[in-house]
Amino acid sequence: MDRSWMYKFRGSKEYENGLDKLLDIAFEKESVNGKIVCPCKNCKLGDWVDRVTAKDHLTYHGFLNGYVRWFVHGEASSSTRPTYDLGDNFDNGNDMQGILHDGICFGRVENYSDDNDGDGIPGDEEPNNDAKCFYELLKNAEKELYPGCKKYSQLSAIIRLFHIKCLNRVSNKGFTDLLEFIKDAFPVGETFPKSYYEAKKMIRGLGLSYNKIHACPNDCMLYRKEYENDTECHVCKTSRYLEDKDSDAVGEALSKKKKKVPAKVLRHFPLIPLLQRLFMSSKTASFMRWHEEGRTEDGYMRHPADSPAWKTFDFRNRDFAEETRNIRLGLTLDGFNPFRSLNVHYSTWPVVLIPYNLPPWMCMKQEYFFLSLLIPGPTMPGNNLDVYLEPLIEELKLLWEVGVNTYDASMNRNFNMRAALLWTISDFPALANLSGWSTKGEFACPSCHKDTCSRWLRYSGKHCYMGHRRFLASDHPFRKDKRSFNGFEEHDKAPSQLSGDMVLRELDGHTHTFGRLNNDNRKLPYNWKKRSIFFELPYWKGNILRHNLDVMHIESNVCESVLATILGLDKSKDHAKARDDLQEMGIRPELHPIVDESGKRYYPPPCFLMNRAEKEIFCGVLKQIKVSDGYSSNISKCISKKPPKIFGLKSHDNHILMQQLFPLALRRVLPKQVRAPLIDLCNFFRGLCSKVLHARELIQLERRIALTLCHLERIFPPSFFDIMVHLPIHLATEARLAGPVQYRWMYPVERYLSTLKAYVRNRSRPEGSIAEGYLAEECVVFCARYLDDVETRSNRATRNHDGNIDTRVELPIFVNPGRHLRGVNIVNWDVDTMKRAHQYVLFNCEIVQPFLSEHREMIRNQNPRLRIRDIERIHNETFASWFANQVQNMDFVNERGISDELRSLAQGPNFIGKRYKGFIINGIRFHVKEIEQRRKTQNSGVVVIAKMTSYSSANDRNPVIGDVTYYGVLKEIVELEYFLSRKVVLFKCDWVGQGRMQRQDENGFTIVDLSRPMNTGEPFILASQAQQVFYAEDPIDKGWHVVIKTAPRDCFDMDRREEIDVEDYLLSETCTGDISDDNEEIRWVREGVGGTATTNNMIIY
């Protein structure tokens, strides 16, 4: 296309005619609702305008500098540049045009510079850097990979290779070696880059960039804005740069030519482009409105958008809430050692932002974690964190007060994007750095604030945090029980929630100067160390939850404390100094040390200590248990039965113990007065970690944990109650305000830190390695959304995915979700097995239900005197043959439309079928029992809820129909094949039903006797009906097993439930749970366990 008219005078006839031709093409090919993206200097491809406005803009302002090929306006070929119609040249299915369009065309136009203020005649003007980068990418997208290659272009091939590198964590050297081999193996004329460095340069234009900001090595300030050109810190006067070691005259002359090395560098990744990409990408833009358009609203909380914190924020900021595309963010911070070596004292601190607009199955995934700041080591910033947060806070203020013009690819229009920070997520020490409230000392609890109830233990040398009776009802008997607690009655009320206005009032007039060398700051009230920088955000003080307590670390620490104390391990909270503290406090005299005539100190055994046999039972249960695939790591590696001890547990191991296994192991050990509150504690964490919450249930959990901690106060010594044991009292309250903990805990963040750690290639520059690795990964993640024919992180199936569903079938019974695993056997079915299996298929097929009713009514009419039970027996025995004849007769007389699949179903299955060893369905992996002997996992447990007809006697004419739970062990996985290649997969199990073989024990566990299965005539169920459980053998009653139910990972219950008004329950005081508040006398000394003596202040049992 001729472009010479672009350089003519804009008032000339040639310019007007050429412009009209361009607009004709643009509005024919690229218009949306009668508008196109305006390419003038002012709009810069950022605004959608009609034809008249576009012509006016281009006449008065001229074209955007460097925009000489009209790729956004329908041009497929050019006379001055090569052809870029990628869709015709390459047929690999990769959307290269989509990548360039979303990642560059709309992602970079705001960076185009326009320095020509004249008449807009570019003449010899060169494209700017961003335009050059884009044109270079277009060339690579059109360039053949080798002569004659029609499947891959150079760009698409490099993107695919880069994706494989990042997905499989191939080293840079390995990637270079691979490129060298490919270049040698491919035909002459191939266009592969020579090295990783060249490949990275080739796709760098698709990624983002970051800013390097110099910082004072003492964390006093950042060299930016008015301090950008300073050479020393204006607070501590420390040099900005590292000192040059050359001291002689020659060295000084050389040092002047060297580039000065900054002492500390903060890497800032601009947040605005990262957020804009969510909307500019056509693959993610529509999901950013899910919180408003796709959310289930029934009073239950499945997502932060369901929580009072989100709704209160919207109510207070209605102008922000009106635009559903405005983004709510969470900020997380944690430090890690980038060297994978515990003997190196170095920590790097990334600041990560999480957008909450996305649905649950996308929200907490790593590809949507945005690295905003990378704070360098070697030491943690501590209280000086606010210095490094300044660039991010400025961006957040801009996104709140002004917003950014952003293109929404899902709606093909621009909008003003704004964003707000809801809360922070961190472990407990980092919470102090973020909030400004010290998490140590007398007022360590940030939720109780100045009302923290603590006591200094002189011998243990630490504070203990008890006083949980304050959270009970005012008339609870525990409040007046002095003997069982700390020797005093409790009349105080529970502390009130700390609001943002209260914080600002307490810190009004106080200033703080940052820097590790600065000691001139005056002491602030209570535990305050500073006024948090987040209060510079206009809306921050109104957030009802600003800093989250991390459930992950709290649960892990509580689990470790309990295990060490009841097993008498090295980290036990019951030691000689703890007994001395009891004696000083004047409580529990039965546990005070006894000094004999020789001066030897004797310590009576406490009620919470296991004896030797109980320790072996406890560790034996944990050692022998097998859990379902993907449920947890192999915890048995951390368990020793002889001698009984537990070691090396990770945070997730502690989580699994507290959720299910710890109560299971406690069933047969310890007195009930100790065992019951410990099981209650585990039940609390299990309820708290549910993916679907309701305010009513959370109010019950609030009351339950208060009572549970009070029971624990009666049992364990004060030294047991460190701050981590106290913090669970606030977790249910935070969940009631902010929703499910899965969006506010550190598990996904810790995994993300492991990913960042893997980017470190140069140990002398760890932060630089992380920054470059992150940019490469972000670029690949963005491009991977457009690679439809390749496995990527975005579309990669989970380990237990069901496989593809056959969409050709009509009858639902033949729709077989799921896929079989290894071990396929071809078998000939015996008559009895095939009859039972086919009968079950018919009885569970929806289209057959009218025939079932018709056949049952026919038997009743033919035998009016038969009892209902006999009618059901005849019906079960004869229906299959009657149904086959009925369908055949109907086909002859053509009474109804009989489909081929229904005819196939009526004829019955083939005698030849398949038997499998394993099967995956509903996201769950099942194995038959026989292959589990050599495995560390247990996947043969099955549970199904069936409707059963119950008769009180043989003459009962009014049977009761109800749901009955059956537990079973999977013996066979069979596949019936019908005509037309239609298939049905069934599970054959040994079942245990209700009755003598199934009961509940005193601790609330369901136990079943698997040694005596039922002799049922229906051993089969459909594979789609199966849910999974695993069994733990009872250590005393042989043959009996405890049932533990499981749920598939990454499964989200989004179905609507019975509507309940959340606000009513938030204000109600009528919800009560079945909580034991038994006030029986506590026996603090354990009978049958010998006392001990001390060695180095430790009690050795």
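Definitions and cut-offs
- Residues numbered from 1 in each chain as written.
- Predicted model: local features only at pLDDT ≥ 70, side-chain atom pairs only at ≥ 80, totals over all residues.
- Heavy atoms only, no water.
- Helix = DSSP H or I, 4+ residues; strand = E, 2+ residues; numbered from the N terminus.
- Expected span 1.5 Å × (residues − 1).
- Buried < 20%, exposed > 50% of the residue type's maximum accessible area, 1.4 Å probe, protein only.
- Phe/Tyr/Trp six-rings, centres within 6.5 Å; stacked < 30°, edge-to-face > 60°.
- Salt bridge = Lys/Arg side-chain N within 4 Å of Asp/Glu carboxyl O.

A. Structural view of helix H27 (residues 766-784). The end-to-end C-alpha distance of H27, which contains 19 residues, comes to 26 Å, matching closely the 27 Å that a straight helix rising 1.5 Å per residue would cover. Counting buried positions along H27 yields 18 of 19 residues, so the element is predominantly enclosed.

B. A look at the packing of aromatic side chains. This model, assessed by the stated rule, comprises 36 aromatic pairs. Each ring, one from Trp290 and one from Trp361, has its centre 6.0 Å from the other, and the planes form 80°; the classification is edge-to-face. One end of the pair, Trp290, is in helix H11 (residues 290-293); the other, Trp361, is in helix H14 (residues 360-363), and 71 residues separate them in sequence. Judged by relative accessible area, which is 10%, Trp290 ranks as buried. Judged by relative accessible area, which is 38%, Trp361 ranks as partly exposed. Between Tyr631 and Phe1030 the ring centres are 5.3 Å apart and the planes differ by 65°, which places this aromatic pair in the edge-to-face class. A residue pair is termed long-range when its members are at least 10 positions apart, and Tyr631 in the loop between helix H20 (612-624) and strand E16 (639-641) and Phe1030 in strand E29 (residues 1027-1033) qualify at 399 residues. Take Tyr631: its relative accessible area is 16%, and that puts it in the buried class. Every member of this aromatic cluster is reached through a ring pair, and the members are Phe843, Phe851, Phe879, Trp882 and Phe883.

C. Fine view of the pattern of salt bridges. Scanning all chains against the criterion turns up 52 salt bridges. A salt bridge links Asp1037 to Arg668; the nearest nitrogen and oxygen atoms lie 2.8 Å apart. Placement of Asp1037 in the loop between E29 and strand E30 (1040-1045) and of Arg668 in the loop between helix H21 (651-666) and helix H22 (672-688) is noted, with a sequence separation of 369 residues between them. The class of Asp1037 is partly exposed, set by a relative accessible area of 28%. Ionic pairing is found between Asp1009 and Arg1012, a salt bridge with its closest N-O pair at 3.1 Å. For Asp1009, a relative accessible area of 3% gives the class buried. Residues participating in the shared-partner salt-bridge network are Arg289, Glu293, Glu323, Arg325 and Asp408.

All quantities given are derived from atomic positions and should not be read as evidence of function.
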